[in-house]
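Listed here are the chains, written in short residue letters.
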Amino acid sequence: MTETHEVHGVMDAEEYDHLIRAIVPGQPLLLATIIDYLPPHPRRILELGCGTGILTAMIREEYPDAKITGIDLSPEMLTAATAKPDLAGVEFLAQDLRDAWPTDRYDAIVTSLCLHHVSKEDRVLVARRALQALSPGGRFICGDIFRAEDDREEQMQREIWCRGMKRGGASDDIIRGMNAQRDKHMSTFTTVSGFREMLVESGFGRAAVPFTSGFVGLVVGFAGDPERV
């Protein structure tokens, strides 16, 4: 069998599409809300951490005439994305999202379940770079995994998350692995309110939190004149 890249330390890239809904029970509604918050009639969209192209395909279906560029660190994930017929014509780049992006100006920069993998300092860097790369009135749309506001809420959400993973068909090994990964990286996570504040501090005219479900949240930063967006 061809060696594949492990995601979260618990599953191979080839399993990703099958398991992601189990380990992130709120993923379908998160992705649907990302689509809802894309600006009207976007011409250029950059997706950071596009993975196997799950969100990419939804964007393509909603805005088939938009030029979409997807960036991901994993060649295995991009191999899966490029093999999907409905993603023909999408530009995929195998690179770290912290490296230089293409020099286009974008109407939207989106990312889903990605930025919690990098440091707090790198998230600030990405946010500032996104603001510079957006057209006036553009949007930085970030769906991610966040830390609870306090330990009590964290414990409650952890119990609900584990039940959701079990209900979604994740094995006990996967559930243990996901909990271990959360414990390992907890100190680097931000709260959803903290991430919203970080976008404002990074220069976005305003930022909103239109969706949360357990550990999952969506934060949208609006570039340019707030009255125009």
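Everything here concerns the structure above.
Throughout what follows, the structure given in this document is the object of discussion. (Residues numbered from 1 in each chain as written. Predicted model: local features only at pLDDT ≥ 70, side-chain atom pairs only at ≥ 80, totals over all residues. Heavy atoms only, no water.)

**Remarks on the packing of helix α5 (residues 120–133) against helix α8 (residues 192–201)**
The packing of two helices is summarised by the inter-axis angle and the distance between the axes.
Thinking step 1. Across the interface, α5 lies against α8 with an axial gap of 9 Å and an inter-helix angle of 45°. On the basis of their axis angle, the class for α5 and α8 is oblique. Between α5 and α8 lies a crossing of right-handed hand. From α5, Arg123, Val124 and Ala127 reach across to α8, where they touch Phe195, Met198 and Leu199.
Thinking step 2. Partitioned by chemical class, the residues of the contact of α5 with α8 number five nonpolar, no polar and one charged. (Axes fitted to C-alpha atoms, helices over the stretch in contact; angles between N-to-C directions. Helix = DSSP H or I, 4+ residues; strand = E, 2+ residues; numbered from the N terminus. Parallel < 35°, antiparallel > 145°, perpendicular 65-115°, else oblique. Left-handed = near helix turned anticlockwise from the far one by under 90°. Contact = heavy atoms within 4.5 Å. Nonpolar A, V, L, I, M, F, W, Y, C, P; charged D, E, K, R; others polar.)

**Description of the environment of Ile54**
Thinking step 1. Note that Ile54 resides in helix α3 (residues 54–62).
Thinking step 2. Looking at Ile54, the relative accessible area reads 24%, which means it is partly exposed.
Thinking step 3. The spacing of Ile54 and Leu31 is 23 residues in sequence and 8.8 Å in space, taken between C-alpha atoms.
Thinking step 4. Ignoring anything within four residues of it in the chain, the contact list for Ile54 reads Tyr16, Asp17, Ile20, Gln27, Leu31 and Lys84. (Buried < 20%, exposed > 50% of the residue type's maximum accessible area, 1.4 Å probe, protein only.)

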